[in-house]
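# Residue-level structural notes
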Amino acid sequence: MTPRLLRTAVATALALGALGLTQPARATSSDGVHTVRVPGDPHERSLAPRTSAPFSLIGITWDDPDATLNGTAQVRTRSLESGAWSAWRPLETDVRTPETGPERDRPGVRGSTQPLWTGPSNGFQVRVSGARLPAGLRVELVDPEAGSGAVHTEVVEPDEVAPDVAGPAAGPLAAARPAVTSRSAWGADESLVKDPPTYTGNTKAMFVHHTAGTNAYSCSQSASIVRGVFLYHVKSNGWNDIGYHFLVDKCGTVFEGRAGGIDKPVLGAHAYGFNTATSSVSVLGDYSTAATTAAVRASVAKVAAWKLGLYGIDPAGTVVLTSGADNGKYKLGQKGTFYRISGHRDGYPTACPGQNLYNHLPAIRTLAANAG
């Protein structure tokens, strides 16, 4: 390094230090993924405030997809527009790899938290603690506007059926198909989906989720959020496609999720233990804190009524489902009785879809039954 470059590097480091930021360690990259290893402790890890590539969605992943993060993970981020730092925000740690299907043993599949929508940002700080943290913790920074090379990572680590399968014939309880924003309309990069969809038996129930994170988004940003979740599920989790079948924003707009045909029984990655023969709709936002809107309730009901109505199912009824995994709430092979429109927490130990949305599931079932 020449004296001039050395002086420049020292000045840059001093300037970052004065701002309370650390300069990231040298990163390696592959296909838009930047990785920075950081020494840590088996019980507590952290990354000091640092400048990063632009991102709008953040999460944490780890090596073993079957390992759980039994602790807490928090992040704070810096707004690209204002330069202001957010408060510390928790990441939900209830994501699990599907119990069956091609993603079960897919190379590169990782465990993860739920991602958090931050809006355009260029700095972050992380702290993670637990009884024993899983190996390979890394922070995932997702820029939904950057195309296929949209995920950057910071690592916190110490030393088949054919796709033309026919959909069901409309049953006697058939409801009108809701307006759905297609994958092409919200900007799915189909080159990232390497394998064809997997199909299961007839759809028997609909699980309702929330994406968690934040409610501070405008509905004009919803397509970007969906792209961000898609990129996180594919490039960060290592899944073949987005895990949810449908997504709904707080204005009631419905988005097509996993590819394969919204009228077909596509195997999803949304309810560990109960992915087979079920569908899913996830509402953008955190409904542990936010109240649901009439638009959200109406759209979730319309999706469920139409999807279940394809099989002649009364959306206000119940069904017996068999768990495909030991998931902390049900044992492998254990049977349970579920509402045809159930919350994620009914089948898995999680707060999802948030208490406020969960409280409105009876009203959503009534709306769906009336729609049919």
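Details of the structure are given in the entry above.
Only a predicted model underlies this, so the values are computations on that prediction, with no experimental measurement involved.

This paragraph deals with the packing of aromatic side chains. For any pair of aromatic rings, the description consists of the separation of the ring centres together with the inter-plane angle of the planes. Here the structure, examined in full by the defined rule, presents eight aromatic pairs. Taking the centre distance of 6.4 Å and the plane angle of 85° together, the rings of tyrosine 272 and tyrosine 348 count as edge-to-face. Placement of the pair is tyrosine 272 in the loop between strand E12 (254-256) and strand E13 (278-283) and tyrosine 348 in the loop between strand E16 (341-343) and helix H5 (355-359), with a sequence separation of 76 residues. Across the pair, exposure class does not vary: tyrosine 272 and tyrosine 348 are buried alike. By the ring-pair criterion, three or more aromatic residues cluster together here, those being Phe207, Phe274, Tyr330 and Phe338. Positioned above the aromatic ring of tyrosine 217 is the side chain of lysine 250, whose terminal nitrogen or guanidinium carbon lies 4.5 Å from the ring centre.

Before going further, it helps to examine unusual backbone geometry. Going from cysteine 352 to proline 353, the amide bond is cis rather than trans, its omega being 10°. Take proline 353: it is sitting in the loop between E16 and H5. Positive phi, close to 65°, is recorded for alanine 212, a residue that is not glycine. Its location among the elements puts alanine 212 in the loop between strand E10 (205-210) and helix H3 (222-236). By relative accessible area, which is 6% here, alanine 212 ends up buried. One non-glycine residue, alanine 277, lies in positive phi territory at about 60°. Take alanine 277: it is sitting in the loop between E12 and E13. Classification of alanine 277 by relative accessible area gives buried; the value is 8%.

Once that is clear, we can look at the pairing of strand E7 (residues 116-130). Of all 15 residues in E7, 12 are buried, a share of seventy percent or more. Where strand E3 (residues 44-62) meets E7, nine bridges bridge the pair, whose relative direction is antiparallel. In the sheet register, arginine 45 faces E7, and the bridge partner there is valine 128. Where strand E4 (residues 71-79) meets E7, nine bridges bridge the pair, whose relative direction is antiparallel. Bridging across to E7, alanine 73 finds its partner in valine 128.

Right, let's get into the layout of surface pockets. Regions of empty space are outlined by a rolling probe, equal in size to a water molecule, passed over the atoms. Size it by volume and the second largest pocket reaches roughly 200 Å³. Pro90, Leu116, Ala212, Gly213 and Asp286 are, among the 14 residues lining the second largest pocket, the residues nearest its centre. Each residue belonging to the lining of the second largest pocket can be placed in one class, and the counts come to five nonpolar, six polar and three charged.

Another aspect to go through is the pattern of salt bridges. In a structure, side chains of opposite charge can pair up when their charged atoms sit close to one another. The tally for this structure, following the rule as stated, stands at eight salt bridges. One salt bridge in this structure joins arginine 258 and glutamate 103, with 2.9 Å as the shortest N-O distance. What makes glutamate 103 buried here is its relative accessible area of 3%. Here the salt bridges do not stand alone but share partners, grouping Arg183, Glu190 and Asp241 into one network.

Conventions and cut-offs
- Residues numbered from 1 in each chain as written.
- Predicted model: local features only at pLDDT ≥ 70, side-chain atom pairs only at ≥ 80, totals over all residues.
- Heavy atoms only, no water.
- Phe/Tyr/Trp six-rings, centres within 6.5 Å; stacked < 30°, edge-to-face > 60°.
- Helix = DSSP H or I, 4+ residues; strand = E, 2+ residues; numbered from the N terminus.
- Buried < 20%, exposed > 50% of the residue type's maximum accessible area, 1.4 Å probe, protein only.
- Lys NZ or Arg CZ within 6 Å of the ring centre and 35° of its normal.
- Pairing = 2+ DSSP bridges.
- 1 Å grid on protein atoms, 1.4 Å probe; cavity = no way out; pocket = protein on both sides within 12 Å on 5 of 7 lines; lining within 4 Å.
- Points joined across faces, edges and corners; volume = space filled by probe spheres on them.
- Nonpolar A, V, L, I, M, F, W, Y, C, P; charged D, E, K, R; others polar.
- Salt bridge = Lys/Arg side-chain N within 4 Å of Asp/Glu carboxyl O.

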